[in-house]
Each structure stands twice: as structure tokens, then as C-alpha cells.
2 protein chains.
Amino acid sequence: MTNRTHPLRPTPSPWQGRSSRLVQRQPCKPKRRRLVRSRRPRPPATLQIGDAGLSRKGRPRPPPGGRTEPRGKVTMSALLETHRGLLDAALDATRQRRPVPDFAVPATPIGITPKALQPLLDRPFELDGASGAARLGAEESPFGFALAITYPTAEASELQRRAEAARTGLARAGLALRTGIALETLVRLRAQAPLLAEALVHTTGAPASLAESSGVGSALQAALTATALAYEAQKRTPTSLLRPAVSDEPPRRLRFGYVPRGAALIRGTALQPIVTALPPLFANLVTANPTLVVPHPSAILPLALVVRVVRAVLAEAGIGPDAVQLGIETADTPLSRQLAALPAVRLVDHGGEAGFAAWLGANAPGTRGFAASSGVNPVVIDGTDDMDGLCHGLAYSLAAHSGQTPTRPQTLFVPADGIVTEQGHLSFEAVAAGLAQALDRLVAEPAAAIDLLGAIADPATLALFPRLQALGRIVAESRRLPVEGFAKARTATPLVLAVEATREAVYAPPQAGPIAFLVRTADTAESIERAAHGIAAHGAVLARVHSTNDHVVATAADAFTALGVSVGCNVTGAGEGFGEALDEAATWLDEGFVLDRMRLVAVHRPERG
Amino acid sequence: MTNRTHPLRPTPSPWQGRSSRLVQRQPCKPKRRRLVRSRRPRPPATLQIGDAGLSRKGRPRPPPGGRTEPRGKVTMSALLETHRGLLDAALDATRQRRPVPDFAVPATPIGITPKALQPLLDRPFELDGASGAARLGAEESPFGFALAITYPTAEASELQRRAEAARTGLARAGLALRTGIALETLVRLRAQAPLLAEALVHTTGAPASLAESSGVGSALQAALTATALAYEAQKRTPTSLLRPAVSDEPPRRLRFGYVPRGAALIRGTALQPIVTALPPLFANLVTANPTLVVPHPSAILPLALVVRVVRAVLAEAGIGPDAVQLGIETADTPLSRQLAALPAVRLVDHGGEAGFAAWLGANAPGTRGFAASSGVNPVVIDGTDDMDGLCHGLAYSLAAHSGQTPTRPQTLFVPADGIVTEQGHLSFEAVAAGLAQALDRLVAEPAAAIDLLGAIADPATLALFPRLQALGRIVAESRRLPVEGFAKARTATPLVLAVEATREAVYAPPQAGPIAFLVRTADTAESIERAAHGIAAHGAVLARVHSTNDHVVATAADAFTALGVSVGCNVTGAGEGFGEALDEAATWLDEGFVLDRMRLVAVHRPERG
């Protein structure tokens, strides 16, 4: 159904042809073991280093299956070969740090009224083979209705037991099959992009115009990158080496392989559940760490859909689906902390909340934590040769998803005596007026505005507005916009306040919603210094500088990159916002992200005569 | 002086010739800026991404200096070119996961009587340009005399201030110069190997026969690997990319570069101060993170010597020496915790003590911690075709450095009904007797024995012996051995106890000294299971299996590698021990070890006509 409404991109691409038969099937009712076409016994494990090559007799056998496939090659590699074109494109794109263009999700606008989502509402979510009779879930759409979906879940101990039981199968599957499973899952998720986008809209309040192309599309690209990195890291390892004799010791044969760390937890985020969960999920899958996905209580559905697809593919590939499990937490049952505290759980990906990070460090010091980015993103405005583009870009960034994502700008630094533009000198007041007008234009037509703003996920986000409004001069007022057919929708246009640069206590702390500050500084040098100070104190995902002076651009870029933050220079228009910003921020997705999920081990023995 | 006593390996190697002039100079009195041969202004920073390529005019300039050297190439690259041969050898060896043979430290035996060390005793340690009037230090040699050396130190805030001041210079030096500095430092440290070895002997009790070749030599190889990895990771990054136009947005020029995380702390260990500190020190240096080295209060001298050399090279290269600083902590001044708690300190390498790891997680959750390996190393004994070699290898491993290093075996699992050997079937008792005899032979001649045993670093290590002895049957008794000329030397031969497999509470917990348990199991299947259980509970650095049955070898290797532990199969003789074991354990030294010390950032701008 979703395939019919939103077909795959019509342009054929190398892998789509080959995988289409699998893609077009309904993933919810898999025939088990369908992908394993041979009755031959499964080959030895990728990571069973000791198995194949340690016989004393004759020369060593081929290296472990993770790097070549010693036996059962057709069986093991069939799925990977199906997606070879996609893998090669992903490896190439990853080396060049760019997305795979042909894998982009087509920007088919979805509506706010649930379509693909409708059949899932008001009933138990079906998750084939999931454990536990328990069901939890009480999500509310930010557009004002209860999803009334319940999800299967289980106690921490039961989830751990099942993850442990799935561990061996996942390791023995070998790198080729695990990579094939990852790619097949991504292709199926892409085919479900409209459904995933609707799920984002009605849990996170993501805007309908961006949820599919950016919310889902960026996540799929990042997951593809994680898959490629995890595959390549394991392929690059040397396999078998002969270390020459040392003094009177015989030469030694060493064989190397990566082994997974253990069970992994992904703690979902409330506002970007898919894009924060997919890279670790796919990295864990390809590195053979069984994964427990615990969504944020307010955004369960997007991750439940993802887990359902990956479990179906795992089952079809003949691996226990419990290599990826869903667990539900509520305010009363802190399942993610219960799981993180288990010794078997060695990897935790989370949203970076300071409280959770400190708890994790104290209670699971042997666990490797990966935190998603957060912080306060500054924009230094010194000048421009495209004033309209600058204002439109800023307004767009502030409005997109109502400023609830970690990539939106919060502090806009403008000198008190104004900026140089192609329209001549413009005062601080004129810059403020230009931004306010651009925001007005964006929200002039409510239906189109809502397609960009989306809705406010957390009611608490708006609670601070009255107090904040009193702390600055209002440049742009926040208004509630009506949403046709959704009378209880929680909406708000961005609030922009002008404040003096000295009032850091007002503008520096991170805000979670559609609030930005136009900060009046003495000059651009102070702007850069204040912005850098804010990054050092609170972190940032990205920074921006606008100037017609190359020296200013370079100084700002130096100051911000030195703090580990990527910088966009004179980026105007809609490209300022959301999806593009996410792509930049994805520089964290490097080899370290996957290598930390494995340990390299060696098996060695004397090589005698 | 040390060069004269212990000359460089006479065999010429490609880099020794070129660097010898620098190597043979006394490193303690450097002429400042000697390595910078040009008066030309220094080129722009490696990491100043914004500086060179962001001009709007014409095509982009060359990528940042970290990857090529856009200007001042001769000046910046001179030091690296001097060591190009060593770098190439290190890159090649790292890819093949083996040491650089020509860089091995010659196994010149040193004595226990201080020679190179003598001039340093009973006086303040000279550290050129180090901060602070404060002096601390109260090391005692395990051979029974006070070193009576004091070291300059400073408050945490002052060390941080100096690290911060050194940050920019280190980043601006560029990758080529930083790598050159690292290699020059390693060459000089190698020339000082005898002095470093004596420092190990009289702080950690390292055995004279192994301190230089293994204690220092392995550390230098690991540091060389870290240097090569950090260099290669930064060279591999793409430099400048043009991202094609998306919808109505212009194409974008993206430039990439790595930036350091911030200040780094290395918390020294008591027993392996050099081998645990050198890899992070060199990784931090090449990735441009200023480093604060805080040795363990009982083993300051080895790291003070290292810091002195690297500071000298930094100063000669025209970079502030404070990119690497020494700080001294005592029981009263927990300097390493004070430093780790500072927000500026983002990387902490430590020995893996559970208490410190938990403290770090709770008090510095945004800090990336790297823990050195520790645990309980098991040996599964099922059979052998070289009984004498097996017993000698085990005895050697137990005796080397009095079993105080994390690589020595602690639990030896033997079936109750004995093992198959080339001498026929041998009972459990016969295995115990064979091991006891091999230990007796090793310690028969006290002077030679002390050269292998060394001394006991911590008096508390021996305090447990009386209680433990009562818990098992004594297979080999621990004796104190006299050391000629060192009447107060703290020595002990290994204590080996036979215990039943069910008594895990006795043999499973990690022990810090010369204690091992011969564990009587029902059969080898139980041996493997108990050994794996111990690894899962307490960790391990490495594991061993001895069997003539390929299936047993494979089963054990699978079980232990699945837990992330490297395995040696049928390794007998002295190769069982110390240095070789360290080489294997060094599989943790992979790209992740260096990548986590940097962040990849991008600077991008629209590319217009």
C-alpha cells in the first residue's frame, strides 16, 4: 500500500532492480529463511577465529568468513551480492563524505491527516516474535489526538536473555550476511518512507514538508554511511600473518578478527528518534552487537516501525530476530537505565542529556557511551551581499520543525552599529525588521506555515515563553496557528527577542523550542568571542558566519572549528536549514563510531616445520 | 653518557643515519628553535580551516596544512623528512600489526645497581621550563632505598592554564611537524633506553633482564604504532569537496579537517608506567591535544624522563614545551582527579581501576576515558607434545616481574584425571610437580632469578599470602630471595596453590602479585567453561590453551575470542611471557584509539560562478 502511493524513485539504479522483488513484498509477514537458498550447513562463524585455521596440519586454511567466505559462499553472499551496487555506492560516498544521491528519499509531500498511519492507530502494534505479554504505550500526537497504540515489551532481564541468545547467531552469520541484512533493511525502510514520515509527524511534530525527505532521508543516508564504515573497517583488518622467529622461538602464525563488544542499548530521543537511532542500529548490526531499542515514551512508533522491518529481515535470513529488540519505558519503568546497568550491556547510544550521561558514567563505567549532538548554535552576522537570502534563510531555520531540533540557530549576533549589505549599511534595527518580515512572510499562509513549522512535541516547551518575553525586546512575536481538522494542535511561530550582549544568562542557556535571540554586540569581534564562549560552555552542533569580509569569515571559522564545530559561511536560503545542516553535522560519523563497537583479537600459535 | 654505554644498534637502518646528529646530542640542554631552519613566518595552522581556502575569489587554494603543506614546506617538513624512513616503516608495520624490527631496543642486560640512574638520585629533577616552585616526590625503590628525587609540579589551575596557552601552537604546527616531533622524541627515547630501564627497575621492580627490551622496547613500539595511526587517520581524510547543487541551492564547497578534543590527562600506572602512557602520549601529540602527565606516586621517574625528552624536542621545534606537562600527585593531593574534573580536560587515559573509572564517569561524563587492560588471564591445559617447554613457559610467565603485570597468567586449569603428553599420560599431580620443578629450576640461582623476578613494588602485595596459602594446597612455595648489595630488597618467588574448580571465590578474583592457582576441573570442557566465566566476570588481557587436539584448541579459542580476548595456542618456552604477550595484547591499538581524540569538522560555503 505504501509502495503504491509512494513508489520507488522511477529512475532505475543498479541495486533497485535487483532487490525489487524483496522490496515490494510486505515485510510484515515474512516467510522464514526465505533468503537462505541452500540446504547446506551454515559455514563457520566470522569470528570463530579458532575454528578454521588452527589445525596443525599443512598450511593454514583461508581466513575467517568475515573477510572472505571460506565455505557456502553462494548462500552467505547472496543477499550481499543483491545489494553490491548499493554497497559500492555507499563506500564511495562515505570516502567522499557525501550522501548517495540515488538513495535519497523522493520529496513527496505528505499531509498531516494520517494515511499510511491510519491502519496502525487505536490497536496493538504487531511485532512478530517479540517477547512478553506486557504492552505499553501512550503516545499523543502533537496535532492533538491520542495514537492509542500499545507495543509489546518485556522485563530487562528477559530482553537481556533474548539478546544473549541471539548473540552467537549474529556473530556466526558473518560480515557478508550481516551487511546484506543491513542493506536489505535500508531498502525496505526507504520503501516505507511515507509511513515513517507520518509517524514522525504524529510523535515529534515534524513538519509534513520535511519529514520524509529530511527526517527519514537523512537518517537513511547516515545509516548507509554507518553500514559502509562498519563493513570497510572489518574488511581492512589483516587476516593471517606469519611473524618471523624471535631468538630461539619458532615463527608464529597470527590470525586476526573483530569481535563484538556485547549487547547494545539505543535510548531513543523525543524529537529526532530515527536520525539518532539509525546510525548506531546499523553499526551494531554489522559489527554483530545485539541491540535493544528503547524509544522515548513520546516517540515510540517511528522506532517500532524500524525494529519491525529489521526483525523481519533477520528472520528471513535465518538469524534470530532478537538480534534487534524493542523495549518500552514509561515514567514509572525506567527500562533504559535498568538495561544500561546490566553488565552484559556494553554500548549505549543516547541523546546526550547531561543527567543521563552522568548517571551512565557512574553506574556503568565499563560501558562505552555515544551521545548525540546538542548545544546552542550561533550565527555571527557581519555583512552580506544577499540580505533577502540571509533573512529568508534565518527565518526558515528558526521555523523548520518549530526550532525543536539540535540544528536550529539560537543566538544571532549582530553589531550595534549594523552591517554592510548590497543594499548599503543597515542598522541593528533594520536587521531585526528584515528578519521579522521574513518570518511574517513564511507564516503568512497558515496551512503552508504548518507544513514547515510542524507542531510542538512537548507542552513544557511553551511554558517558558511568558517569562522569557519579559527579558528582551520582542522582534517577532510567537503566535498559535490554527490547523484545519486538528483543533487541539499545539503550534507556535518562532519568538525572537533582542537582547544586549552582556545578558548571557538570558540567551546562552540551551532552549528547546522556537525561541531565538538577536544579540546586540559592540562589534563583530565581540560577536565571534561571545559565540565561541557559548560553544565552549554549552556545545554546538554547527555554527554560521555571514560576512563579505574574507578575514572575518576566516577568523570566525577558525574560532568555531577549533572548538570542534562545523561552520557554514554565507549560506543563505532554505539550504540554511534542517536537512543540509544535518548532513554537515554528520561529520561525527567516522571510523571511530564503528571501531569502538568491536574489539580486535588475535589467535596465534607457533608455526613448526 | 647513556649513548656511550649503550650505543645505538650498530646495524645501520634507514632513519638512524639521518637522525643520528640529533640523537647523540644531550637532550637536556636544547638550543631553542634549533629545528626551525628558516626565518620565514610560520605557515597557517593545520586546523585553521577557515584561513586558506574560503576566499571567494577564483578556485580554492590547497587544502589545510594537515594534509599537504601549502607554504613553508621545507621548514615544516624538515623534521618529518629526517624520519621519513621510520615513518614509512611504522606505517607498514602498523598495517601488518607487527613491531618495526629495526626499531627494537637491543637486549643489553642492565644491572640492578644504578648506573645511568645514579646522577639523578638524591636531588631535584631538572625539567627545563616547567612551571611552579612546588616540588614533590617520595619514591622508594622496591630494592630497598629511597630515590630521594623531587619533581617540579603546580596547581591544577596553573597546569590547565599552560596547557591552554600551548594549544594553539600545537594545532598550528601542522600534522607534518607534530609527527616529526613525535618520531624525533621516539628516537631520543630509544637512545635513552638503558636509563629508562633502570628507572623502571627502581620504581616498579621490573626485572633487569627484561626492563629494557620489553619494558621500554614494547612501549616504544606501541608509541610508534600510535604515531603512525594518528598520522594516517589525518592523511586519509578528504580535504576539499564540491557538493553538487541541490534543488535551487548553489553547489557547496566543503573543506574538512580534524581538530583536537582539548586537554588530555594521562594518569600513570604503578607497574607499567611507560607502556601504558606512551601510546596515548604520542596519539595526543600527533592529534594536537596538549597533555598533562600525572604519574603514579610510586613510579614518577620513568614518566618524568619521558616528559623531559618530549618537552626538549617541542622547544627545539619552536613550539611551547607546555604541550606536554608533568604534574605530581600524592595521597594528600589528588591532582589527577582535580585535572580530570576540569571542563577543559576532555581525554583521560588511565589504568582501568574500577574506582577511578566510576569516579570519572560520574564527575566528567563528557570526557572520553581510555582504560588500560586488566583482568585475570586463564590457561587451559588439556595436553601437549612438549611437556618441558610447557612447564618452563608457565614458570617463566609466573616469575617474570614477579607476576605483577596484567599479562601474567593467574588461573591454570587442569583436568582431575590428567593430560596427554609426549611422555604419555600425566596425572594432575604430575603436572603440578612438573610446574613446581620448572619454577625451582628458574629460581635455583638467586642472582639469575632476581634478573627475571625483579622486586615487589607494593608491600601490600605480599600481605595476602598467609591467608591465601591456607585456602589451597601448596604446589610451589613463595620464598624471599636475597639480592646482593640490596639487603632490604622486597622479593618473592611465585606462590602456586592447587584448588578445586568449585572454589571460584578463591581463585577467580584478580590478584596483584606472584600468585597463581592450579585449578582441578572434571574435564577440559569444564576448564574452558570456568575460564570463559572468569573472563566474563573479571576481564582478561589474554588467554592460553594447550592441547594436541585441534577441536579442543578451536573450542577454547572460539570461547575466549568471543569474549574479546586474544588467545595463544600451544605457545611454550620463554615466548609465553612478558614482551610477546604485550605485543598480542596491543590489538587494542587501532584507529579508534586515535580517532576518538579528534573531531572531524567541515567548513562550507556556496560556490558561486
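Residues numbered from 1 in each chain as written. Chains lettered and ligands numbered in written order. Predicted model: local features only at pLDDT ≥ 70, side-chain atom pairs only at ≥ 80, totals over all residues. Heavy atoms only, no water.

(A) Quick look at the overall build of chain A. When its secondary structure is counted, chain A shows 22 helices and 21 strands. Taking all 609 residues of chain A together, the buried fraction comes to 63%. Taking the contacts inside chain A whose residues are at least 6 apart along the sequence as the reference set, 77% of them involve residues at least 24 apart. As displayed, chain A offers around 21400 Å² of accessible surface, 54% of which is attributable to carbon and sulfur atoms. (Helix = DSSP H or I, 4+ residues; strand = E, 2+ residues; numbered from the N terminus. Buried < 20%, exposed > 50% of the residue type's maximum accessible area, 1.4 Å probe, protein only. Contact = heavy atoms within 4.5 Å. Areas by Shrake-Rupley, 256 points an atom, 1.4 Å probe, with all protein chains shown as cover.)

(B) Representation of the sheet that holds strand β7 (residues 263-267) of chain A. Residue and element names in this part refer to chain A. Ordered by their spatial adjacency, five strands build an open sheet running β9-β8-β7-β10-β11, and the pairing between neighbours is parallel. Each of the sheet's edge strands pairs with one partner strand only, and the pair in question is β9 (324-326) and β11 (368-371). The average angle at which neighbouring strand axes cross in this sheet is 20°, direction not considered. Of the strand pairs in this sheet, strand β10 (residues 345-350) and β11 are connected by four bridges, and their pairing is parallel. In the sheet register, H350 faces β11, and the bridge partner there is A371. Contacts from helix α9 (residues 273-286) reach β7, β8 (291-294), β9 and β10 within the one sheet, and its direction differs from that of β7 by about 170°. Its contacts with the sheet put helix α10 (residues 301-316) on β8 and β9, and the angle it makes with β9 is roughly 145°. (Pairing = 2+ DSSP bridges. Axes fitted to C-alpha atoms, helices over the stretch in contact; angles between N-to-C directions.)

(C) Representation of the environment of H83(B) in the model. Residue and element names in this part refer to chain B. Considering the arrangement of structural elements, one finds H83 in the loop between α4 (73-82) and α5 (84-95). Residue H83 is classed as buried on the basis of its relative accessible area, which comes to 0%. C-alpha separation for the pair H83 and V187, spaced 104 residues apart in sequence, amounts to 9.2 Å. At 2.7 Å, the side chain of H83 and the side chain of E184 are in polar contact. (Polar contact = N/O pair within 3.5 Å; in protein donor to acceptor, adjacent residues only side chain to side chain.)

(D) Expanded view of the confidence of the model for chain A. Chain-level statistics for chain A give a pLDDT mean of 84 and a share of 83% at 70 or above. Within the model, the stretch residues 1-76 of chain A combines pLDDT values under 50 with 167 contacts to residues more than four positions away or in other chains. (pLDDT = per-residue confidence, 0-100.)

(E) Region of the structure containing the sheet that holds strand β16 (residues 473-476) of chain B. An order of β5(A)-β6(A)-β21(A)-β20(B)-β19(B)-β12(B)-β13(B)-β18(B)-β17(B)-β16(B) is seen for the 10 strands of this open sheet, with the pairing classed as mixed. Looking at strand neighbours, the two that pair on one side only are β5 (240-243) of chain A together with β16 of chain B, the edges of this open sheet. Averaged over all pairs of adjacent strands, the angle between their axes in this sheet comes to 25°, without regard to strand direction. Relative to strand β18 (residues 515-521) of chain B, strand β13 (residues 409-415) of chain B runs parallel, the two sharing five bridges. Note that in β18(B) the partner of V414(B) across the bridge is R520(B).

(F) Main features of the environment of H296(A). Residues and elements named next belong to chain A. By the element assignment, H296 lies in the loop between β8 and α10. The class for H296 is partly exposed, based on a relative accessible area of 31%. Taking C-alpha positions, H296 is 5.4 Å from T269, a pair spaced 27 residues apart along the chain.

(G) Geometry of the pattern of salt bridges. Residues and elements named next belong to chain B. Tallied over the entire structure, the rule returns 40 salt bridges over all chains. A salt bridge links E164 to R167, with the nearest nitrogen and oxygen atoms 3.2 Å apart. With a gap of three residues between them, E164 and R167 both fall in helix α6 (residues 156-191), about one helical turn apart. We classify R167 as partly exposed; its relative accessible area is 26%. Here D596 and R368 are joined by a salt bridge, their closest N and O atoms 2.8 Å apart. Separated by 228 residues along the polypeptide, D596 in the loop between α22 (591-595) and β21 (598-606) and R368 in strand β11 (residues 368-371) bring together distant segments of the chain. Each member of the pair, D596 as well as R368, is classed as buried. (Salt bridge = Lys/Arg side-chain N within 4 Å of Asp/Glu carboxyl O.)

(H) Focus on the packing of aromatic side chains. Under the counting rule described, the total for this entry stands at 12 aromatic pairs over all chains. With a centroid separation of 6.1 Å and an interplanar angle of 35°, the aromatic rings of F145(B) and F486(B) are classed as tilted. One end of the pair, F145(B), is in strand β3 (residues 145-146); the other, F486(B), is in the loop between β16 and β17 (495-500), with 341 residues separating them in the sequence. In this structure F486(B) comes out as buried when scored by relative accessible area, which is 11%. An aromatic cluster is built from F143(A), F145(A) and F486(A), whose rings are joined through pairwise contacts. Here the guanidinium or amino end of R267(A) rests over the ring plane of F356(A), the centre of that ring lying 4.0 Å away. The ring of F593(B) is capped by R597(B), whose NZ or CZ atom sits 4.2 Å from the centre of that ring. (Phe/Tyr/Trp six-rings, centres within 6.5 Å; stacked < 30°, edge-to-face > 60°. Lys NZ or Arg CZ within 6 Å of the ring centre and 35° of its normal.)

(I) Here's a closer look at α5(B). Residues and elements named next belong to chain B. Between its terminal C-alpha atoms α5 stretches 17 Å, which fits the 16 Å expected from 12 residues at 1.5 Å a residue. Restricting attention to buried positions, one finds in α5 the residues G85, L86, L87, A90, L91, A93 and T94. Downstream of α5 by a residue or two, R97 has a phi angle that is positive, lying close to 50°. (Expected span 1.5 Å × (residues − 1).)

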